[in-house]
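What follows is the residue order along each chain.
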Amino acid sequence: MLASADKELAAAIPAMEAATAAAGNLTKDSLSVVKTLGTPHDHVKVVGKTAIILLKNEYKKTDWPNFVKMLGDPNKFRQSCIDFLEKAGAIPDKTLDALRPILAEEWFNGTSMRGKAAAAADLCDWVINIVEYNRIYKIVTPLKN
């Protein structure tokens, strides 16, 4: 049982490392560019929505103006993404359920988003890897006990 848990935990490490790197790639400048987009691509808006859902467990007020408000202080937003890594194992099921259909979209990945906005691509990668880490964490935790 413990060997199985260790194997699953080893699989979680790359997801956490990728989420950490993606959060680290978010810069004040790139976030400021996203914040000032007058009419962002719809996919960029959805990436913003996922950040609101994940960071605030907010499911209704997820529109672009609310995301821009979250980006008010880009350094504070970046730090909240970094700090969230410590809570990645405890994402509520309701939040995961809200994110699941978005993450299933073919375009929801850093590569597709890179041409639309660099910060959106990094944020997209962060969301994907945080959710993947959480999935593995929930498998490993019962195995360790």
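Cut-off values and rules
- Residues numbered from 1 in each chain as written.
- Predicted model: local features only at pLDDT ≥ 70, side-chain atom pairs only at ≥ 80, totals over all residues.
- Heavy atoms only, no water.
- Helix = DSSP H or I, 4+ residues; strand = E, 2+ residues; numbered from the N terminus.
- Rg over C-alpha atoms; globule rule 2.2 N^0.38 Å.
- Contact = heavy atoms within 4.5 Å.
- Areas by Shrake-Rupley, 256 points an atom, 1.4 Å probe, with all protein chains shown as cover.
- Core = buried A, V, L, I, M, F, W, Y, C linked by side-chain atoms within 4.5 Å.
- Buried < 20%, exposed > 50% of the residue type's maximum accessible area, 1.4 Å probe, protein only.
- Axes fitted to C-alpha atoms, helices over the stretch in contact; angles between N-to-C directions.
- Parallel < 35°, antiparallel > 145°, perpendicular 65-115°, else oblique.
- Left-handed = near helix turned anticlockwise from the far one by under 90°.
- Nonpolar A, V, L, I, M, F, W, Y, C, P; charged D, E, K, R; others polar.
- Patch = residues over 30% accessible without salt bridge, like charges linked within 9 Å, V, L, I, M, F, W, Y side chains within 5 Å.
- Salt bridge = Lys/Arg side-chain N within 4 Å of Asp/Glu carboxyl O.
- Lys, Arg positive; Asp, Glu negative; His and termini not counted.
- Charge placed at Lys NZ, Arg CZ, Asp CG, Glu CD.

A.B. asks: How would you sum up the overall build of the protein? Please name residues and give values.
C.D. replies: From N to C terminus, the protein includes eight helices and zero strands. Ordering the α and β elements of the protein from the N terminus gives α-α-α-α-α-α-α-α. Rg of the C-alpha trace for the protein: 15 Å, near the compact-globule value of 15 Å for 145 residues, within the 12% margin. Dimensions along the principal axes, computed over C-alpha positions, put the protein at roughly 55 × 30 × 30 Å. Within the protein, counting contacts between residues at least 6 apart in sequence, those at least 24 apart form 76% of the total. Surface summary for the protein: the accessible area is close to 7,800 Å², and the carbon and sulfur share equals 54%.

A.B. asks: Residue-level account of the nonpolar core, with values.
C.D. replies: Counting 45 residues, the largest nonpolar core has Phe67, Phe77, Leu123, Trp126 and Ile130 as the members making the most contacts within it. Of all the secondary-structure elements, those providing two or more residues to this core are α1 (2-25), α2 (28-35), α3 (42-56), α4 (64-70), α5 (74-84), α6 (93-103) and α8 (118-144). The element contributing the most residues to this core is α8, with twelve residues. For Leu123, the contacting residues outside a window of four places in its chain are Leu26, Val47, Ala51, Phe67, Phe77 and Cys81.

A.B. asks: Any chance you could break down the packing of α3 against α6 for me, citing the residues and the numbers?
C.D. replies: Where α3 meets α6, the axes come as close as 10 Å, and the angle between the chain directions of the two elements is 165 degrees. Here α3 lies roughly antiparallel to α6, going by the angle between them. Judged by the sense of rotation from one axis to the other, the crossing of α3 with α6 is left-handed. Every residue of α6 that contacts α3 at Val46, Lys49, Thr50, Ile53 and Leu54 is listed here: Thr95, Ala98, Leu99 and Ile102. Class assignment of the residues belonging to the contact of α3 with α6 gives a composition of six nonpolar, two polar and one charged.

A.B. asks: For a positive patch on the surface, give the residues involved together with the corresponding values.
C.D. replies: On the surface, a cluster of positive charge is made up of Lys56, Lys61, Lys69 and Lys76. Its place among the elements puts Lys76 in helix α5. Lys76 gets classed as exposed once you look at its relative accessible area, which sits at 63%.

A.B. asks: Please provide a residue-by-residue account of unusual backbone geometry, values included.
C.D. replies: Of note in this structure, Asn57 is not a glycine but carries a positive phi near 50 degrees. Note on Asn57: relative accessible area 35%, which makes it partly exposed.

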